[in-house]
Amino acid sequence: MHEREKSPITSRMETKPPSDQTFAQRRDQWMRNLLKADKEDVSAGAKNVGIRLALYMHEGRQYAFPSYDELGQETGLSARMVQVHTQTLEAQKWIRAKRKRNAGNTYELRYWWTE
C-alpha cells in the first residue's frame, strides 16, 4: 500500500468517504478510480475484468461470484487470463477474493484509498 500512496494516481483519486455514499455511488467511484489507474499499474485486461466484476454488484448484493469462464465470455478473455487479472487486482488491493474449493470465488470491492 505504501507504493500506491506514492503513485501519482493517488492525487487523482476521488476520496469522498464511502460511508457518506450509497453503494452504487461507491461502486461508481471505484470504477472511475480503476479506469484512472496508470496502465503500468493496472493493465487494460485487469481493468476490463474489474469493471465487469463491479457491474455484478448492487445495493442488495455488494459482492459477486461469477466463474472465470463466465467472466471470460463476457470480457473476451480466456478463463486463465481472467484468473491472472483477478489475482492482480487482489494483489493491488482493488478487490478482496474469498476462495472456497469446489464452491467458487466471491469478490468484494476494496476502497484502498480511504483505508
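Residues numbered from 1 in each chain as written. Predicted model: local features only at pLDDT ≥ 70, side-chain atom pairs only at ≥ 80, totals over all residues. Heavy atoms only, no water.

1. Some points on helix H5 (residues 79–91)
Inference 1: Compared with an ideal rise of 1.5 Å per residue, which puts 13 residues at 18 Å, H5 spans 18 Å between its outermost C-alpha atoms and is within 8% of the ideal.
Inference 2: Packed against the buried residues of H5 are helix H2 (23–36), helix H3 (44–56), helix H4 (68–75), strand E1 (95–100) and strand E2 (104–109).
Inference 3: Looking one or two residues past H5, Lys 93 carries a phi angle of roughly 70 degrees, positive in sign. (Helix = DSSP H or I, 4+ residues; strand = E, 2+ residues; numbered from the N terminus. Expected span 1.5 Å × (residues − 1). Contact = heavy atoms within 4.5 Å.)

2. A short note on the packing of aromatic side chains
Aromatic ring pairs are described here by two measures, namely the spacing of the ring centres and the angle between the planes.
Inference 1: Going through the model one piece at a time under the given rule, you end up with 6 aromatic pairs.
Inference 2: For the pair Trp 94 and Trp 112, a centre-to-centre distance of 5.5 Å together with 90 degrees between the ring planes defines the contact as edge-to-face. Here Trp 94, found in the loop between H5 and E1, pairs with Trp 112, found in the segment after E2; they are 18 residues apart in sequence, far enough to count as distant. Pair check on accessibility: Trp 94 and Trp 112 agree, each one buried.
Inference 3: Their ring planes at 55 degrees and their centres at 5.8 Å tell us that Trp 94 and Trp 113 sit as a pair that is tilted. With Trp 94 in the loop between H5 and E1 and Trp 113 in the segment after E2, this residue pair connects regions lying 19 residues apart in the sequence. Each of the two residues, Trp 94 as well as Trp 113, counts as buried.
Inference 4: Three or more aromatic residues joined by ring pairs form one cluster here, namely Trp 30, Trp 94, Tyr 111, Trp 112 and Trp 113. (Phe/Tyr/Trp six-rings, centres within 6.5 Å; stacked < 30°, edge-to-face > 60°. Buried < 20%, exposed > 50% of the residue type's maximum accessible area, 1.4 Å probe, protein only.)

3. Digging into the nonpolar core
Inference 1: Ranked by size, the top nonpolar core spans 26 residues in total, and within it Trp 30, Leu 89, Trp 94 and Leu 109 carry the most contacts.
Inference 2: Among the elements of the structure, H2, H3, H4, H5, E1 and E2 are those that each provide at least two residues to this core.
Inference 3: Here the element with the most residues in this core is H3; it accounts for 6 residues.
Inference 4: Not counting chain neighbours up to four residues away, the residues in contact with Leu 109 comprise Phe 23, Arg 27, Trp 30, Ala 54, Met 57, Trp 94 and Ile 95. (Core = buried A, V, L, I, M, F, W, Y, C linked by side-chain atoms within 4.5 Å.)

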